[in-house]
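Descriptive structure summary
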Amino acid sequence: MALTGCSWLLLSATFLNAGAEISITPEPAQPAEGDNVTLVVHGLSGELLAYNWYAGPTLSLTYLMASYIVSTGDETPGPTHTGREAVRPDGSLDIQGVLPGHSGTYILQTLNRQFQTEVGYGYLQVYEILAQPVVMANNTELVERRDTLRLMCSSPSPAEVRWFFNGEALPIAIRLGLSPDGRVLTRHGVRREEAGSYQCEVWNPISVSRSKPTNLTVYFGPERVAILQDSITRTGCTIKVDFNTSLTLWCVSRSCPEPEYVWAFNGRALNNGQDHLNITSMTAAQEGTYTCIAKNTKTLLSGSASVVVKLSAAAVATMIVPVPTKPMEGQDVTLTVQGYPKDLLVYAWYRGPASEPSRLLSQLPSGNWIAGPAHTGREVGFANCSLLVQKLNLTDAGRYTLKTVTLQGKTETLEVELQVARLE
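Residues numbered from 1 in each chain as written. Predicted model: local features only at pLDDT ≥ 70, side-chain atom pairs only at ≥ 80, totals over all residues. Heavy atoms only, no water.

**Some words on the overall build of the chain**
Worth spelling out the cut-off: Helix and strand assignments follow DSSP, with helices taken as H or I runs no shorter than four residues and strands as E runs no shorter than two, numbered in order from the N terminus. It is over C-alpha atoms that the radius of gyration is taken, and the globule rule equals 2.2 Å times the number of residues to the power 0.38. Accessibility here uses a 1.4 Å probe with only protein chains present; expressed as a share of the type maximum, an area under 20% marks a residue as buried, one over 50% as exposed, and anything in between as partly exposed. Any two residues whose heavy atoms approach within 4.5 Å at even a single point are treated as in contact. Each accessible area is a Shrake-Rupley result for a 1.4 Å probe, and residues are judged covered by the shown protein chains and nothing else. The charge count includes Lys and Arg as positive and Asp and Glu as negative, but it does not include His or the ends of the chains. Charge coordinates come from a single atom per side chain, which is NZ of Lys, CZ of Arg, CG of Asp or CD of Glu.
Counting its regular elements, the chain contains zero helices and 37 strands. Its C-alpha atoms give the chain a radius of gyration of 48 Å, clearly above 22 Å, the size a compact globule of 424 residues would have. Here the chain holds 424 residues, and the buried ones make up 43% of them. Within the chain, residue pairs in contact and separated by at least 24 positions form 56% of the contacts whose partners lie at least 6 positions apart. Per element, the accessible surface of the chain, about 22,000 Å² overall, is 52% carbon and sulfur. If you average the places of the 32 positive and of the 38 negative side-chain charges in the chain, the two averages end up 16 Å apart.

**A closer look at the environment of A269**
Within the secondary structure, A269 sits in strand β25 (residues 268-269). In this structure, the C-alpha to C-alpha distance between A269 and E118, residues 151 residues apart in sequence, is 95 Å. Not counting chain neighbours up to four residues away, the residues in contact with A269 comprise W263 and A264.

**Digging into the pairing of strand β13 (residues 148-154)**
Definition in use: Pairing between strands requires that DSSP locate at least two bridges from one strand to the other.
Residues L149, L151 and C153 of β13 are buried on one face, while the alternating residues T148, R150, M152 and S154, pointing to the opposite face, are not. By the bridge criterion, four bridges tie strand β11 (residues 134-137) to β13 in an arrangement that is antiparallel. Counterpart to V134 in the pairing with β13 is S154. Sheet topology note: the β13/strand β17 (residues 184-188) ladder contains five bridges and is antiparallel. In the strand pairing of β17, L149 is matched with R187.

**What about the state of the cysteines?**
The line we're drawing: Cysteine sulfur atoms that come within 2.5 Å of each other are treated as a disulfide pair.
Tallying each qualifying case throughout the model produces two disulfides. A disulfide bridge connects C153 with C200, and the sulfur atoms are separated by 2.0 Å. Taking the torsion about the sulfur-sulfur bond, which here is approximately 70 degrees, the covalent link between C153 and C200 counts as right-handed. Residue C153 is found in strand β13, and its partner C200 is found in strand β18 (residues 196-204); the two are separated by 47 residues along the sequence. C153 gets classed as buried once you look at its relative accessible area, which sits at 3%. A disulfide bridge connects C251 with C292, and the sulfur atoms are separated by 1.9 Å. The chirality of the disulfide connecting C251 with C292 is left-handed, given an S-S dihedral of about -85 degrees. Placement of C251 in strand β23 (residues 247-256) and of C292 in strand β27 (residues 288-295) is noted, with a sequence separation of 41 residues between them. For the pair formed by C251 and C292, the shared burial category is buried.

**Focus on the confidence of the model for the chain**
Convention followed: Per residue, pLDDT captures the predictor's confidence, and it can take any value from 0 to 100.
Confidence in the prediction of the chain, expressed as mean pLDDT, is 88, and 93% of residues score 70 or more. Segment residues 4-19 is flagged for pLDDT under 50; beyond a separation of four residues in sequence, or across chains, it makes 33 contacts in the model.

**Concerning the pattern of salt bridges**
This is how it is decided: Just to be clear on terms, a salt bridge is a Lys or Arg side-chain nitrogen sitting within 4 Å of an Asp or Glu carboxyl oxygen.
By the definition in use, this model includes eleven salt bridges. Measuring nitrogen to oxygen at the nearest pair gives 2.7 Å for the salt bridge that ties R113 to E47. Residue R113 is located in the loop between β9 (104-112) and β10 (116-124), and its partner E47 is located in the loop between β3 (37-42) and β4 (48-55); the two are separated by 66 residues in the primary sequence. Here the salt bridges share partners, and the residues they tie into one network are E144, R192 and E223.

**A few points about the UniProt feature "domain: Ig-like" (unreviewed entry) in the chain**
To keep it simple, the criterion reads: UniProt positions are given in the numbering used here, feature names are shortened, and annotations may be inferred rather than shown by experiment.
According to UniProt, the positions carrying the feature "domain: Ig-like" (unreviewed entry) are residues 133-217 and 222-308. With 0% helix and 59% strand, the stretch residues 222-308 has end C-alpha atoms that lie 22 Å from each other.

**Brief notes about the packing of aromatic side chains**
The following threshold applies: Each pair of aromatic rings taken from Phe, Tyr and Trp, with Trp reduced to its six-membered ring, is defined by centres within 6.5 Å and is described as stacked if the planes are under 30 degrees apart, edge-to-face if over 60, and tilted in the remaining cases. Only Lys NZ and Arg CZ are tested; either one counts as a charge over a ring when it is within 6 Å of the ring centre and within 35 degrees of the ring normal.
Per the counting criterion, the structure on display carries three aromatic pairs. Aromatic pair Y51 and Y68: ring centres 5.9 Å apart, planes at 15 degrees, arrangement stacked. Taken together, the residues span a long stretch of sequence, with Y51 in strand β4 and Y68 in strand β5 (residues 64-69) at a distance of 17 residues. Classification of Y51 as buried rests on a relative accessible area of 4%. The interplanar angle of 45 degrees and the centroid separation of 4.9 Å between the aromatic rings of F165 and Y198 together place this pair among those described as tilted. A residue pair is termed long-range when its members are at least 10 positions apart, and F165 in strand β14 (residues 160-165) and Y198 in strand β18 qualify at 33 residues. Assessed through its relative accessible area of 2%, Y198 is described here as buried. The ring of F220 is capped by R192, whose NZ or CZ atom sits 3.9 Å from the centre of that ring.

**Re the side chain of T110**
Note on placement: T110 falls in strand β9. What makes T110 buried here is its relative accessible area of 2%. Here T110 is in contact with I22, L44, L48, A50, Y51, Q116, T117 and E118, once residues within four sequence places are set aside.

**Considering the sheet that holds β27**
Spatial ordering of the open sheet is given by β22-β28-β27-β24-β25, a layout of five strands whose pairing is mixed. The outermost strands of the open sheet, each flanked by one partner alone, are β22 (238-241) and β25.

Dropping the structure here:
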């Protein structure tokens, strides 16, 4: 009886259990999409009349791919035939240019001359050439301990996923929650040490692809705000400074981003937005508490540190220092008094010796000063006993005398020689 087409499927047949089992293996064993694959059949026995190939889990016409008549070489395609499949005379199945959709269970059914059938099963896994995945972040700028980090590895393929942090394999620590499929990393209350570059990688046995880096910034601070002098922490200390010398205070902190700085002197804000403060020509008027306030515009947090700056003990002795020390005609000069009496009652400045005709001005207990006979209209007195002489001329050069009287009646007289340079 001749067999044509798939008519033999309708005949009553007996399943043959004796003999070697049929096995099916793909060659190559791990094919990539686009490869040519052969499902090689092993264990065929006896004189066979026909083969049926099924692309599916059961022997059903729904899954029939092709029927093949051995004697004639005729092949009849079935419902699952895609045009890429061909049956060999030895029963093996060739598939040209496999696609991921070719993955699945394959069944070979054979028919011998006794109208007995045998069945063999095989499985084909076609691996994709993986496209580059993308790391998607809920936010790439987060605040430490406040925000939640959520990274997702987006890929159209169901491949395995690996994560990388700063180019190295990411250890799955307790603090980083990994979803069951490995595609989502979650961290509640993100920490600063988790800032950096994140990548995910998808892989299968024949392909691997890594995403571009996604950079994460974690804002924190300011913390440990401190004031430094010459790289030494001075926070909470008293800094002693010699009279008429300079001092630079630096404000440092741990913060991301770099904070904004505000300096204050005795509680009053100074016009200085830098991380350092210069105190030039130290005088008694600059003694007090200096405070640095660091503000983080991202975390909305702030911190501060303070130091006390005083004249050194060596500066207590009263002396007069011109500022600038070598003024030129046309300039202003301040005869600055170092270590003036704290219990001062009155003082007077004289142009030359301490006599009434040469008196420039006097300060009264009320704090106001009055002009003397030698006052030219260019001299101004201050509470710290200093004298300002404005718009110098060459005749202003010479000796100046200061006389002070304390509440206890102690009198002290000091002199200074002022030099005025000629303007060229």
